[in-house]
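Overview (structure and organization)
Spelled out, the chains give:
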Amino acid sequence: MIEDDVHINAKTNINANNNINENDILAYASDESGRTAISPKIDVQPDKPAFEEYMPDIDDGMNNSEDAFGIITTGIEPLEITESGARITGYVSTSRRQDVRLGTYVIVPYGDEELFARIWKLQYLQEFEVDDATEIHSRRMLKSNTTEEVDYKFLALLDPICILYGHNINTGSGSGIKPQLVRRMADRIPRPNTPILPVTDKSKIQTGLNIPKEGIFLGHLSVGGEVVRTHAVPPTVPYYMRNDYSMGDPLVFRHILVCGSTGTGKTFLTKNILRQFMNGDNRYRLRSDKSKNRNPCLVIMDPQDEYSQVFEDNPDISPDEEYNLRSENVDFGRCTDTKTFVAKVAGHSYNGKSRAEQVEFTIPFKLVRNNLWLITPVGMTDLQYTGLELLVEDYFKRGGNHTYSGFADHIGDEGTRMTYVDSNKIHEASYDGIVRRVRSPTLRKVFDQPATPITEILGKVFSPGQVSVFPTEYINSSRIRDLIVLTLMTLVVDNKLSTSGDTTVKDTPIILALDEAHRYLSKASGEHSKKIISKFADAARQGRKEGLGLFLITQDPQDIDDTVFKQINTRVILNLTNDAAINALKVQKEYEKRIPYLKKGQMIVHSPDNSDMVEVMGLSKCVVKHE
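Rules of the game
Residues numbered from 1 in each chain as written. Predicted model: local features only at pLDDT ≥ 70, side-chain atom pairs only at ≥ 80, totals over all residues. Heavy atoms only, no water. Helix = DSSP H or I, 4+ residues; strand = E, 2+ residues; numbered from the N terminus. Buried < 20%, exposed > 50% of the residue type's maximum accessible area, 1.4 Å probe, protein only. Contact = heavy atoms within 4.5 Å. Areas by Shrake-Rupley, 256 points an atom, 1.4 Å probe, with all protein chains shown as cover. Axes fitted to C-alpha atoms, helices over the stretch in contact; angles between N-to-C directions. Left-handed = near helix turned anticlockwise from the far one by under 90°. Nonpolar A, V, L, I, M, F, W, Y, C, P; charged D, E, K, R; others polar. Core = buried A, V, L, I, M, F, W, Y, C linked by side-chain atoms within 4.5 Å. Phe/Tyr/Trp six-rings, centres within 6.5 Å; stacked < 30°, edge-to-face > 60°. Pairing = 2+ DSSP bridges. pLDDT = per-residue confidence, 0-100. Arc of directions from axis to C-beta. Polar contact = N/O pair within 3.5 Å; in protein donor to acceptor, adjacent residues only side chain to side chain. Salt bridge = Lys/Arg side-chain N within 4 Å of Asp/Glu carboxyl O.

1. Re the overall build of the chain
Secondary structure summary: the chain contains 17 helices and 26 strands in total. When each of the 627 residues of the chain is scored for burial, the buried share is 49%. Considering only residue pairs separated by 6 or more positions, the chain has 71% of its internal contacts joining residues 24 or more positions apart. For the chain, the accessible surface area stands at approximately 31400 Å², while carbon and sulfur atoms represent 47% of it.

2. Remarks on the packing of helix α8 (residues 414-422) against helix α9 (residues 428-438)
α9 packs onto α8 with a crossing angle of 145° between their chain directions and a minimal axis gap of 9 Å. Once α8 is placed against α9, the crossing between them reads as right-handed. Across the interface between the two elements, Thr416, Arg417, Tyr420 and Val421 from α8 touch Glu428, Tyr431 and Asp432 from α9. The residue inventory of the contact of α8 with α9, partitioned by class, reads 3 nonpolar, 1 polar and 3 charged.

3. Details of the nonpolar core
Considering soluble globular proteins, one finds that nonpolar side chains tend to be buried as a cluster. Counting 145 residues, the largest nonpolar core has Phe277, Phe361, Ile375, Phe407, Phe447 and Leu552 as its most contacted members. Looking at which element gives the most residues to this core, the answer is helix α12 (residues 478-497), with 10 residues. Residue contacts for Phe407: discarding those within four places in its chain leaves Phe365, Ile375, Leu388, Leu391, Val392, Tyr395 and Val438. One finds Phe69, Ile88, Val106 and Ile163 within the second-largest nonpolar core, a separate group that totals 18 residues.

4. Digging into the packing of aromatic side chains
Scanning all chains against the criterion turns up 17 aromatic pairs. When the centroid spacing of 5.7 Å and the interplanar angle of 15° are considered together, the rings of Tyr105 and Phe116 count as stacked. In this pair, Tyr105 is assigned in strand β6 (residues 105-109) and Phe116 in strand β7 (residues 114-126), connecting sequence segments 11 residues apart. For the pair Tyr105 and Phe116, a shared accessibility class is recorded, and that class is buried. Joined through ring pairs, the aromatic side chains of Phe365, Tyr395, Phe396, Tyr404, Phe407 and Phe447 make up one cluster.

5. Brief notes about the pairing of β7
If a strand is regular, its side chains alternate between the two faces of the sheet. Here β6 runs beside β7; their pairing, made up of 5 bridges, is antiparallel. Its bridge partner being in β7, Pro109 is matched across the sheet by Glu114. Between the antiparallel neighbours β6 and β7 lie 4 residues, among them Gly111 with a positive phi of about 115°.

6. Some points on the confidence of the model for the chain
Per-residue confidence for the chain gives a mean pLDDT of 86, with 87% of residues at or over 70. Low confidence marks residues 1-46, where pLDDT is under 50. Its contacts with residues over four positions away, or in another chain, come to 27 contacts. Below a pLDDT of 50 lies the segment residues 48-63, which in the model reaches 25 contacts outside its immediate sequence neighbourhood of four places, other chains included.

7. Remarks on unusual backbone geometry
Cis geometry is adopted by the peptide bond preceding Pro234, which originates at Val233 and carries an omega value of -5°. As for its position among the elements, Pro234 is in the loop between β12 (226-227) and β13 (238-241). Positive phi, normally seen in glycine, also occurs at Asn210, with a value near 65°. Note on placement: Asn210 falls in the loop between α3 (202-208) and β11 (216-223). Positive phi, close to 80°, is recorded for His255, a residue that is not glycine.

8. So, α8
All of the buried residues in α8 are Thr416, Arg417, Tyr420 and Val421. One side of α8 holds all its buried residues, which, seen down the axis, span an arc of 120°. Of the surrounding secondary structure, the elements contacted by the buried residues of α8 are α6 (382-397), α7 (404-412) and α9. Two or three places before Gly415, at the start of α8, stands the capping residue Asp413, its side-chain oxygen 3.0 Å from that residue's backbone nitrogen. One or two residues past the end of α8 sits Asn424, with phi positive at roughly 60°.

9. As for the pairing of strand β26 (residues 614-617)
By the alternation rule, side chains of β26 split into Val614 and Val616 and Glu615 and Met617, which are all buried. Two strands pair when backbone bridges link them, and β11 and β26 are joined in this way by 2 bridges, in the antiparallel orientation. Along β26, the bridge assignment pairs His220 with Met617. Alignment of strand β25 (residues 602-606) against β26, held across 4 bridges, turns out to be antiparallel.

10. Quick look at the pattern of salt bridges
Inspection of every chain in the model, using the stated rule, returns 32 salt bridges. Of the charged contacts in the structure, one is a salt bridge between Asp612 and Arg183, with a shortest N-O distance of 3.2 Å. Taken as a pair, Asp612 in the loop between β25 and β26 and Arg183 in strand β9 (residues 177-184) lie far apart in primary sequence, 429 residues in all. The class for Asp612 is partly exposed, based on a relative accessible area of 24%.

11. A look at the side chain of Lys535
Locating Lys535 in the fold gives a position in helix α14 (residues 527-546). Residue Lys535 is classed as buried on the basis of its relative accessible area of 17%. A distance of 2.9 Å separates a polar atom in the side chain of Lys535 from a polar atom in the side chain of Asp494. Residues in contact with Lys535, not counting those within four places in the same chain, are Asn371, Trp373, Thr490, Val493, Asp494 and Leu497.

Here you go:
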């Protein structure tokens, strides 16, 4: 009777509710014993669904529900977004689980806008309550693995990058309003059950990652070593570095670093990048007259005699590859205006790979007057350095021709020695140490050799639109190689920064490419090192307004002095296994862990003024000859 009473009361209550039909089966429920129970009162409004209906716009017809990786879900943990982060979980369907990787870029539509995100975490969860961490289960699976994908939830956690939306702009050209895709910070939360779609629109990827759509080509956007492909033609997404004045100075004048371990393709990549700057249409403003533009001069310090090959075509590039390069505005082929400048060193001759015009030069001793460190070896004490400063200054006050041999004979003279020692200007021990260090057979081989002084051919070296290569591989003395490179670096910096500098150098935009940069810009360990670093720190700071861009190549970025390193805006990172080198680059944690696993040609590009941090795959062929 109790059951009948409940049944009658239930019917009475239902009939009393005008919003629920008497025959509605949802008004009844049975428990496990078969007894019926009253359902909770439901406020049903037929004209308004319990959850707002939503039909997303599907990427201009390029994607559909079958293309989706899965859906946004709240079944595992809350769905939330805050100013400091987000928890957005997606369920990945079994058919798409093999297509999802860490770092994969995805779109989650809102209808009027879209969330652009990347997958930062993947995980499996059990679908059913079962303990698979047992010895019995383990042995069974080892014999015959019958586990099905549907037995597990495959989840992808999304890192929101930005919101993409349309914005109308006035072109100002009489054509009226033009819609443009723009981005803003992720400030909206996606709805549950919204599809997670692959990004197949090139412009959405470029806008989402803030990548310029033109500029200096570095490579193609990639994820996990696989090039990202879209529905565009060509399907790849080129990564360009900003090279105009629309948002300030071109990034090359904010300086570039390419770093990677030996054998990771630094030279190959560097050739491909530097070649892009030598397009005849690439011009930069003159400081003296901003209404005029001029082609840059590319100056390369070449320790392995590899860069002179920019003078030659790569015969391995096929017609199809040429077409693809042109379609993405990638410059390729030889730089016909290339010269090789060879330092004349006694007992050494250059027989290198270059087929370009060769010009011999020598370093005149007169450069030492304002650059004392040229004859200052590592290990000279402060007292010796001070004494040498006095000796050089007094020597150049004398009349006549000033040469290295003349200076060596002068300080070696006993009468000169007594003059400085007896007057207590220089302590005798310091004086003798100066003479031993300066009267060096090495220095005698470098200064004032039978060739044109470098100071007399500056116009020939720093010519707009020219590639000037300085090989040093033919010299077996590391001290001589360093002296030559540092002399050339100083010539560039002094003439750029000085108000009385050579007008040819001052009025020519210069890109100074320095291989093995850590040798010349390492942390200061002596007086002369401090002066060199100070000079280049000033050059790095003033490069934007003076038209001087440093392009540094190294395998030891941690050894470059901080005052110079902090001025480098764009860092192109190849494979590195040295923890100290990786830590010095200060990249985001998720990218830092990838660096030791980067394949040849694969790189991380960290350029805050150009784009978000991304992974890029370089070209498989060099755009000029490379052996």
